[in-house]
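Architecture and fold: a report
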Amino acid sequence: MNDEPEPADTKREHWQHTYTAHPGMYGERPSAPAVHAADVFRSAGATDVLELGAGHGRDALYFAREGFTVQATDFSPVGLEQLRDAARKQGVDERVSAAMHDVREPLPLADASVDAVFAHMLLCMALSTKEIQALVGEVRRVLRPGGTFVYTVRHTGDTHYGTGTAHGDDIFEHGGFAVHFFPRHLVDALAEGWNLAEVHAFEEGELPRRLWRITQTRPR
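Notes on the structure follow. (Residues numbered from 1 in each chain as written. Predicted model: local features only at pLDDT ≥ 70, side-chain atom pairs only at ≥ 80, totals over all residues. Heavy atoms only, no water.)

**Some words on the overall build of the protein chain**
Each helix and strand in the protein chain was counted, giving six helices and 10 strands. A burial count over the protein chain gives 47% of its 220 residues as buried. Total accessible area on the protein chain stands at roughly 10000 Å², and carbon and sulfur atoms take up 50% of it. (Helix = DSSP H or I, 4+ residues; strand = E, 2+ residues; numbered from the N terminus. Buried < 20%, exposed > 50% of the residue type's maximum accessible area, 1.4 Å probe, protein only. Areas by Shrake-Rupley, 256 points an atom, 1.4 Å probe, with all protein chains shown as cover.)

Printed below as a string of structure tokens:
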């Protein structure tokens, strides 16, 4: 058994091929978590949103159409080019910027520079617990006091948890794609020093995938 998560270049290659073969694969409609997050961000008075793992941009573009200024990051150049092209076509390119970034590295933003951060199923990719903790620390760093972080993850109640190829650290691989399934204690650990507002269970997709939507804020 391989106890190490798949390397970043393998995952990048996977998404490069996926976005190339299936342009706009998730469609133009935003995810349900993004629709919820937009309401949360608006209620909090947020204007600047950072999306991590934006892919081809269905959620980033939705935030822009809703009037937010959006910084979108992903480690797939193909996905980001599709995002930029769609932003131009939708007339929101002035409110959207896109940058390639691997979340294993520090975020390329200044301290306390955004009002809100959104990440749909990014934290449950093949990241180690240590890497996830470092990423959430970076999210806290770039959020302004009172800023909101909304993220979603597949959890250990998911049908795929414990099946497929095990990589250790609650990471299991199916069809060449590895997922870090979150136990509840990891969610609570990542919320230490934050105000944890909500852990909402929901389902998505055909399996269906079982996820949590977590909302937490940086204390003022």
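That shown, we press on.
**Things to note about the packing of aromatic side chains**
How two aromatic rings sit relative to each other is set out by the distance from centre to centre and by the angle between their planes. The final tally for this structure, using the stated rule, is 10 aromatic pairs. Aromatic pair Phe149 and Trp194: ring centres 6.0 Å apart, planes at 40 degrees, arrangement tilted. Of this pair, Phe149 sits in strand β5 (residues 143-154) while Trp194 sits in the loop between α6 (184-190) and β9 (195-204); the two residues are 45 residues apart in sequence, bridging distant segments of the chain. Both residues of the pair, Phe149 and Trp194, count as buried. With a centroid separation of 5.7 Å and an interplanar angle of 65 degrees, the aromatic rings of Tyr161 and Phe181 are classed as edge-to-face. Here the residue Tyr161 occupies a position in the loop between β5 and β6 (165-168), and Phe181 occupies one in the loop between β8 (177-180) and α6, the gap between them amounting to 20 residues. By the ring-pair criterion, three or more aromatic residues cluster together here, those being Phe41, Tyr62, Phe63, Phe68 and Phe118. (Phe/Tyr/Trp six-rings, centres within 6.5 Å; stacked < 30°, edge-to-face > 60°.)

**Looking at the nonpolar core**
If you look at the biggest cluster of nonpolar residues, it comprises 33 residues, and the most contacted ones within it are Leu52, Val117, Leu123, Val139, Phe149, Tyr151 and Phe182. Those elements that provide at least two residues to this core are β1 (48-52), β4 (114-120), α5 (129-142), β5, α6 and β10 (209-217). Here Val139 is in contact with Leu52, Leu107, Val117, Phe149 and Trp194, once residues within four sequence places are set aside. Val49, Phe68, Ala87 and Ala116 belong to the second largest nonpolar core, which has 25 residues in total. (Core = buried A, V, L, I, M, F, W, Y, C linked by side-chain atoms within 4.5 Å. Contact = heavy atoms within 4.5 Å.)

**So, the pairing of strand β7 (residues 171-174)**
When β6 meets β7, the two strands line up antiparallel, connected through three bridges. Each bridged residue has a counterpart across the sheet, and for Gly168 the counterpart in β7 is Ile171. Connecting β6 to the antiparallel partner β7 that follows it, the hairpin turn spans two residues, and Asp169 within it adopts a positive phi of roughly 60 degrees. Here β7 folds back onto β8 in antiparallel fashion, the turn holding two residues, of which Gly175 has a positive phi close to 60 degrees. (Pairing = 2+ DSSP bridges.)

**Re unusual backbone geometry**
Omega for the bond connecting Leu207 with Pro208 falls within 30 degrees of zero, at 0 degrees, which places this linkage in the cis form. Looking at the element boundaries, Pro208 is found in the loop between β9 and β10. Phi at Ala112 is positive, roughly 50 degrees, even though this residue is not glycine. With respect to the element layout, Ala112 can be found in the loop between β3 (96-100) and β4. Phi is positive for Asp170, which is not a glycine, with a value near 60 degrees. In this fold, Asp170 is placed in the loop between β6 and β7. Assessed through its relative accessible area of 25%, Asp170 is described here as partly exposed.

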